[in-house]
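# Structure at a glance
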Amino acid sequence: MATRQAMSICAPMISVFPHRPMIVADVEQCDRRSFGRTLQVRSCSATSHVAPLRRSGNYQPSLWTDERRQSLTNTSTVQQEEKRERIKVLTEQTRNLIREKQRVAEQLQLIDHLQQLGVAYHFKDEIADVLSRLHASLDHVSSQLKDDLHATALLFRLLRANGFSVSQDLLETFRDEKGNFEARCENQIRGLLSLYEASYLEKEGETLLKEAMDFATKQLKGFMEEGSVPETGGLREQMAHALQLPLNWRLERVQHRWFIEACSSGDNNINPLLLEFAKLDFNLVQDMYKSELRELSRWWSELGLPEKLPFFRDRLLENYTWALGFSYEPDSRRCRMIEAKACSMFNCIV
């Protein structure tokens, strides 16, 4: 019976694929009883209720279980309210600092500190106004900073990183007639560090920035190897951190945490008011992240996919961290939640 059924199924195969005799010959040479058993199993599988075996990627279970995610606790409501009140006061004081009439180099340093401390989102309009004024009078500003490598490179980085069109020629004043960087730049450690960070915002074909990157990297590594940079003041730590990975390649929120700790351990150039502001804001926003993660964890547990589909990657925390890297600001909560949920669902099929 099985043999006749097998032959009847194989017959149209010959007529459909007349140009592939090797396949037909192989089928004819198979053991008839083995072929019959195979056909019988295949025909029964259509009506069988046995769940098919799924291929597994051998993914390890997540270390962050729902119980562990729900155990993340926030500070008390009273403490959060106290932090909010203090942040309001510090926000106004910082806004006044931005509006004060300062030298260009001081304005640039203040904006850079606000961005690296993670509190610049409070002052988007004020920062945009300052950078717009500097960009509108760029020729005049660059002439004022022609002897200050640190301020010039910082100006270039802040303008380009914040969406302003600025040419690499802004750094041309620090090169000689042969196109090499002048000797006066070699001993400006903080200036070289700023030049190094600025060079990583190069566009295709900008040879000056590529040369600046090579020059600054070589000089900074030389200072590190010689041990000529003092341990105090935090400059050596910043150099080592930058050489490991440039600023604009890092995850912003992780960089904020590192910079706050680096400034707390002895950077004398930071305003204590800004440092207090950054610590309070970071801890308050961190509580918000914990609340979001607990909400996501409840949603994920109610779906029950890790139990129903044990063969896929259960990485809710990692997906939320990925979303956090794109949108860390408090008012981007909805964006983070959607991205984290979407990425978690993608992991079911990818």
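The written sequence of each chain sets the order in which its residues are numbered from 1. For a predicted model such as this one, the threshold for reporting local features is a pLDDT of at least 70, and the threshold for listing and counting side-chain atom pairs is 80 or more; totals across whole chains, interfaces and linings nevertheless cover every residue. Side-chain measures here rest on the full set of heavy atoms in the structure, leaving out hydrogens and waters.

## Some remarks on the overall build of the chain
When helices and strands are counted, the chain shows 17 helices and zero strands. Whether a residue is buried, partly exposed or exposed follows from its accessible area with a 1.4 Å probe, protein chains only, as a fraction of its type maximum: under 20%, in between, or over 50%, in that order. The burial tally for the chain puts 41% of its 350 residues in the buried class. The long-range fraction of contacts in the chain, counting pairs at least 24 apart against all pairs at least 6 apart in sequence, stands at 69%. Of the accessible surface of the chain, which amounts to about 20,900 Å², a share of 53% is contributed by carbon and sulfur atoms. A run of H or I in DSSP becomes a helix once it reaches four residues, and a run of E becomes a strand once it reaches two; helices and strands are each numbered from the N terminus. For this analysis, residues touch if any pair of their heavy atoms sits within 4.5 Å. Exposure was quantified through the Shrake-Rupley algorithm and a 1.4 Å probe, taking into account, for residues, occlusion by the shown protein chains and nothing else.

## Quick word on the packing of aromatic side chains
Whether two aromatic rings pair depends on their centres lying within 6.5 Å, for rings of Phe, Tyr and Trp, where Trp uses its six-membered ring; planes under 30 degrees apart make the pair stacked, over 60 edge-to-face, and the rest tilted. The final tally for this structure, using the stated rule, is six aromatic pairs. Measuring from ring centre to ring centre gives 5.5 Å for Trp299 and Trp300, while their planes differ by 40°; the resulting arrangement is tilted. Taken together, a centroid distance of 4.5 Å and an interplanar angle of 45° make the contact between Trp322 and Phe326 tilted. Residue Trp322 and its partner Phe326 are located together in helix 16 (residues 316–326), separated by four residues, close to a single helical turn. Assessed through its relative accessible area of 45%, Trp322 is described here as partly exposed. By relative accessible area, which is 57% here, Phe326 ends up exposed. In this structure an aromatic cluster arises from ring pairing among Tyr196, Tyr200 and Trp249.

## Here's the deal with the environment of His135
Counting through the fold element by element, His135 comes out in helix 7 (residues 124–136). With 30 residues separating them along the chain, His135 and Ser165 place their C-alpha atoms 8.5 Å apart. With near-sequence residues (within four places) excluded, His135 lies in contact with Leu159, Phe164 and Ser165. Side-chain atoms alone can form a polar contact between residues adjacent in sequence; in general such a contact is a pair of N or O atoms within 3.5 Å, and within protein one must be able to donate a hydrogen while the other accepts it. Side-chain polar atoms of His135 contact the backbone oxygen of Ser165, separated by 2.7 Å.

## Here we look at the packing of helix 5 (residues 77–99) against helix 14 (residues 272–303)
The N-to-C vectors of helix 5 and helix 14 enclose an angle of 140°; their axes lie 9 Å apart at closest approach. The pairing of helix 5 with helix 14 is recorded here as oblique in orientation. Along this stretch, helix 5 crosses helix 14, giving a crossing that reads as left-handed. In this structure, helix 5 contributes Gln80, Lys83, Arg84, Arg86, Ile87, Leu90, Thr91, Gln93, Thr94 and Leu97 to the contact, and helix 14 contributes Leu273, Leu274, Glu276, Phe277, Leu280, Asp281, Asn283, Leu284 and Asp287. Residue classes in the contact of helix 5 with helix 14 are distributed as eight nonpolar, five polar and six charged. Axis definition: a line fitted to C-alpha atoms, over the contacting stretch in the case of helices. Angles run 0 to 180 degrees between N-to-C directions. For classification, angles of less than 35 degrees are called roughly parallel, those exceeding 145 degrees roughly antiparallel, those between 65 and 115 degrees roughly perpendicular, and all remaining angles oblique. Throughout, a crossing is termed right-handed when the near helix is turned clockwise from the far one, and left-handed when it is turned anticlockwise from it by less than a right angle. All amino acids are sorted into three groups, where Ala, Val, Leu, Ile, Met, Phe, Trp, Tyr, Cys and Pro are nonpolar, Asp, Glu, Lys and Arg are charged, and the leftover types, Gly among them, are polar.

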